[in-house]
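Spelled out, the chains give:
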Amino acid sequence: MATPVIMPRQGNSVESCILTEWFVKKGQEVTEGDLIFSYETDKAAFEEESKVSGIVLETFFKEGDDIPVLTNICVIGEKGEDITPYIPEGAEVEVAEPAAQEPVRTEPAVGALSAKPTNTLSEGAMIEKTEHQQGLNVPSDMFISPRAKNLAEKIGADTRYAEPTGPNGRIIERDIRQLQQEGLLVTSGAKEAYLNLDQSIKGLGLGGRITTSDLNKGAEAENQPAETTAKEIEEAEYEEIKISNIRKVIARTMHSSLSEMAQLTLNSSFDATEILNLRKKFKVNAEEMGLTNITLNDILVYAVSRVLPMHKALNAHFTGESIKYFSNVHMGVAVDTERGLMVPTLFNANKKSLNDIAIETKELAQACQKGTINPDYLQGGTFTVTNLGTLGIESFTPVINPPQTAILGINTTEQRFRERDGAIESYTAMSLSLTFDHRAVDGAPAARFLKGLTQALENFNVLLAK
């Protein structure tokens, strides 16, 4: 029995996902547990396994498509089974057509010229050629579906360079989408002049479209000496990698944060001797006391969760029209992953013990690194902690995660000297960097929070006793 495979819903807030890679092809045999495809939300990446064994009868979408959750994206079953009931709305599927049916033919829209057209009817195709419609001079053996034609005209794609994948050598919608990805496009104003070109030209318009300006530049280039042209086309070696959906979201968020907020950073340091000694004791007695591996980062998160409720302006969301002050601390903990920076939320951190915080932060970090984090845990934070101290960073300016009003950066430890009772002694210091939104928080309240936090860390045993 044919079984549809749907785009999973990862979290209640996710409405669609990007299909990033197919691991199987149409006609391929799969067994239960085999990877079928990978996909991304705007905050995390996942891989989907097959729940059944069989043959991939059809795939309805291509890599890069933004697909609503719970939509059928492929069908697995036995050869010859009917897939019609599972075809989602808007999917372009290759379905056998009656031999007498004449496909729609039309002139293509136009786009960038990069090589000689290669469109031909597939071998054995029995389709009667009709007269060209008014428009471009296109090869007489070109056939295109109505959907593909409308899309080509809309985006300005040159169908002469499409590689037909439809039945009997027909160009279908996904072939036009491929042209769009390759930048084979031209604006309507440049269409007429473009058709008379006998050379390749690069489009610098929106989406790589050729514009009248590009055509004029191309004409000027023809009049330049051959040596100049050779220099212009010489390019340095490089590797170009498509930006992931997660990186695009990070870029938008960081740009929005810096461009819309009045961010200011305060730096302070404290004597880390007590928390370092305590960390050693935890490490030695962890098994006997039933504790997990408690790190310095866990200790910092615990201290912030206890001090922050006394400084409500920093445990808040600034919306522009109002400020939301939160009763509990929902701590965002920055995690470095191969897919980019992710910030899972430790909800109600102020109500958890140090050991609970250590356990849960590690679970959240592992889920982020594996790409299995539930997107519901990537939102709702009221304050964020980010740690670059493990990389030897002495001071930095962390960027606020909007709509939060502040973020704390944890720096490395270093040996310093001080005078005590007339003698010079060394001690281990750790520095902190607090960035706050000056629209919502003034400098003095932010400084008081930082001072209260450093005092709590220097007297951490007392803080644990509360």
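Residues numbered from 1 in each chain as written. Predicted model: local features only at pLDDT ≥ 70, side-chain atom pairs only at ≥ 80, totals over all residues. Heavy atoms only, no water.

A. Quick peek at the packing of helix 8 (residues 296-307) against helix 10 (residues 443-458). Relative to each other, helix 8 and helix 10 sit at 125 degrees, their axes nearing to 10 Å. The angle between helix 8 and helix 10 places the two elements in the oblique class. Of the two possible hands of crossing, helix 8 and helix 10 adopt the one that is right-handed. Where helix 8 approaches helix 10, its residues Ile-299, Leu-300, Ala-303, Val-304 and Val-307 are matched on the opposing element by Phe-449, Gly-452, Leu-453, Ala-456 and Leu-457. Looking at side-chain class alone, the contact of helix 8 with helix 10 contains 9 nonpolar, 1 polar and no charged residues. (Axes fitted to C-alpha atoms, helices over the stretch in contact; angles between N-to-C directions. Helix = DSSP H or I, 4+ residues; strand = E, 2+ residues; numbered from the N terminus. Parallel < 35°, antiparallel > 145°, perpendicular 65-115°, else oblique. Left-handed = near helix turned anticlockwise from the far one by under 90°. Contact = heavy atoms within 4.5 Å. Nonpolar A, V, L, I, M, F, W, Y, C, P; charged D, E, K, R; others polar.)

B. Here's a closer look at the side chain of Ser-433. With respect to the helices and strands, the residue Ser-433 is situated in strand 18 (residues 423-437). Within the local environment of Ser-433, its side chain forms a polar contact with the side chain of Asn-267, the two groups lying 2.6 Å apart. (Polar contact = N/O pair within 3.5 Å; in protein donor to acceptor, adjacent residues only side chain to side chain.)

C. Expanded view of the nonpolar core. Formed by 80 residues in total, the largest nonpolar core has its most connected members in Met-331, Phe-383, Leu-457 and Phe-460. Counting residues in each nonpolar core, the second largest holds 12 residues, with Ala-148, Leu-151, Ala-157 and Tyr-161 among its members. (Core = buried A, V, L, I, M, F, W, Y, C linked by side-chain atoms within 4.5 Å. Buried < 20%, exposed > 50% of the residue type's maximum accessible area, 1.4 Å probe, protein only.)

D. Looking closely at the pairing of strand 6 (residues 54-59). Among the 6 residues of strand 6, 5 are classified as buried, and the element is accordingly described as predominantly covered. Sheet topology note: the strand 3 (residues 29-30)/strand 6 ladder contains 2 bridges and is antiparallel. Counted as the bridge partner of Val-30 is Gly-54 from strand 6. Where strand 6 and strand 8 (residues 72-77) come together, 4 bridges link them in antiparallel fashion. When the bridges of strand 8 are listed, Ile-55 appears paired with Gly-77. (Pairing = 2+ DSSP bridges.)

E. Looking closely at the environment of Tyr-325. Mapped onto the elements of the fold, Tyr-325 is located in strand 11 (residues 323-325). For the pair Tyr-325 and Lys-312, spaced 13 residues apart in the sequence, the C-alpha separation amounts to 6.1 Å. Not counting residues up to four positions away in its chain, the partners in contact with Tyr-325 are Lys-312, Ala-313, Asn-315 and Ala-316.

F. Up close: the pattern of salt bridges. Summed over the entire model, instances satisfying the criterion amount to 10 salt bridges. When the shortest N-O distance is used, the salt bridge between Glu-48 and Lys-51 registers 2.8 Å. According to the relative accessible area criterion, Lys-51 is exposed, its value standing at 59%. Asp-65 serves as the salt-bridge partner of Lys-62, at 3.2 Å between the closest nitrogen and oxygen. Judged by its relative accessible area of 23%, Lys-62 falls in the partly exposed class. Here the residues in one salt-bridge network are Asp-271, Arg-418, Arg-420 and Glu-425, joined through shared partners. (Salt bridge = Lys/Arg side-chain N within 4 Å of Asp/Glu carboxyl O.)

G. Layout of the side chain of Thr-337. Considering the arrangement of structural elements, one finds Thr-337 in strand 13 (residues 335-337). Reaching out from Thr-337, the side chain makes a polar contact with the backbone oxygen of Gly-340 at a distance of 2.6 Å. Residues contacting Thr-337, with those up to four places away along its chain left out, are Met-342, Cys-368 and Gln-369.

H. Layout of the environment of Gly-380. Checked against the element boundaries, Gly-380 lands in the loop between helix 9 (354-370) and strand 16 (383-387). A sequence separation of 33 residues divides Gly-380 from Phe-347, and the C-alpha atoms of the two residues are 8.2 Å apart.

I. View of the layout of surface pockets. Reported here for the second largest pocket is a volume of approximately 1,300 Å³. Lining of the second largest pocket is provided by 49 residues; of these, Val-333, Ala-334, Val-335, Met-342 and Val-343 occupy positions nearest its centre. For the lining of the second largest pocket, the elements supplying multiple residues, two or more each, are helix 6 (245-260), helix 8, strand 12 (331-333), strand 13, strand 14 (340-342), helix 9, strand 16 and strand 17 (406-420). Its residues assigned to classes, the lining of the second largest pocket comprises 22 nonpolar, 21 polar and 6 charged. (1 Å grid on protein atoms, 1.4 Å probe; cavity = no way out; pocket = protein on both sides within 12 Å on 5 of 7 lines; lining within 4 Å. Points joined across faces, edges and corners; volume = space filled by probe spheres on them.)

J. Molecular detail of helix 8. When the terminal C-alpha atoms of helix 8 are compared, their 17 Å separation across 12 residues agrees well with the 16 Å that a helix rising 1.5 Å per residue should span. Within helix 8, 10 of the 12 residues are buried, which leaves the element mostly enclosed by the surrounding structure. If you check which residues of helix 8 are buried, you get Asn-297, Asp-298, Ile-299, Leu-300, Val-301, Tyr-302, Ala-303, Val-304, Ser-305 and Val-307. (Expected span 1.5 Å × (residues − 1).)

K. Spotlight on the sheet that holds strand 8. Pairing within the open sheet is antiparallel, and its 4 strands lie in the order 1-8-6-3. Lying at the two open borders of the sheet, with one neighbouring strand each, are strand 1 (3-6) and strand 3.

L. How the structure looks around unusual backbone geometry. A cis amide bond links Pro-402 to the next residue, Pro-403, at an omega of 10 degrees. Along the polypeptide, Pro-403 turns up in the loop between strand 16 and strand 17. Located in the positive-phi region is Leu-70, a residue other than glycine, with phi close to 70 degrees. On the secondary structure map, Leu-70 appears in the loop between strand 7 (66-68) and strand 8.

M. Broad picture of the confidence of the model for the protein. Looking at the protein as a whole, the pLDDT averages 81, with 78% of positions reaching at least 70. A low-confidence stretch, residues 97-102 stays under pLDDT 50, and its non-local contacts, those more than four residues away or across chains, total 4 contacts. Long-range and interchain partners of residues 106-138, a stretch whose pLDDT sits below 50, account for 102 contacts in this model, where long-range means more than four residues apart. (pLDDT = per-residue confidence, 0-100.)

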